[in-house]
Amino acid sequence: MKEFEYKIKDAVGLHARPAGLLVQKAKNYKSTVTIFANGKQCEATRLMALMAMCIKCGTVVKVTVDGEDEQTCIEEMKTFFIENL
């Protein structure tokens, strides 16, 4: 399992557009991508669960990746967060 932490910089947090993009990205991997924030967790492939986490600007999220393509997935997830959130 691989993991990283990221502080959300987007002024409106993890809103619908980037959440939708994150779900699409996570579905491209065989590995399971899990997001932890505000004492909650959910798989990154579940849009409504991500939205329900209410991740705002300044929130530190932990992202874990577990599976057969985890190295590629974790690197691309880091890039996604930097570019979109």
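Going by the structure above, here's the rest.
Residues numbered from 1 in each chain as written. Predicted model: local features only at pLDDT ≥ 70, side-chain atom pairs only at ≥ 80, totals over all residues. Heavy atoms only, no water.

Colleague: I'd love a proper account of the environment of Leu21, names of residues and values included.
Modeller: Turning to its location among the elements, Leu21 is positioned in helix H1 (residues 16–26). Taking C-alpha positions, Leu21 is 9.1 Å from Phe80, a pair spaced 59 residues apart along the chain. Setting aside its immediate chain neighbours within four residues, Leu21 contacts Phe80 and Asn84. (Helix = DSSP H or I, 4+ residues; strand = E, 2+ residues; numbered from the N terminus. Contact = heavy atoms within 4.5 Å.)

Colleague: Explain the pairing of strand S3 (residues 40–43) to me, and be specific about the residues and the numbers.
Modeller: On any regular strand, side chains alternate: one points to one face of the sheet, the next to the other face. Both strand S2 (residues 32–37) and S3 contribute to a ladder of 4 bridges, which runs antiparallel. Bridging from a neighbouring strand, Thr34 pairs with Glu43 of S3. As consecutive antiparallel partners, S2 and S3 are separated by 2 residues, and within that stretch Asn38 has a phi angle of approximately 55°, a positive value. (Pairing = 2+ DSSP bridges.)

Colleague: So what's going on with the pairing of strand S4 (residues 60–66)? Which residues, and what values?
Modeller: The pairing of strand S1 (residues 2–7) with S4 spans 6 bridges and is classified as antiparallel. The residue of S4 that forms the bridge with Glu3 is Thr64. When S2 meets S4, the two strands line up antiparallel, connected through 5 bridges. Bridged to Val33 within S4 is Val65.

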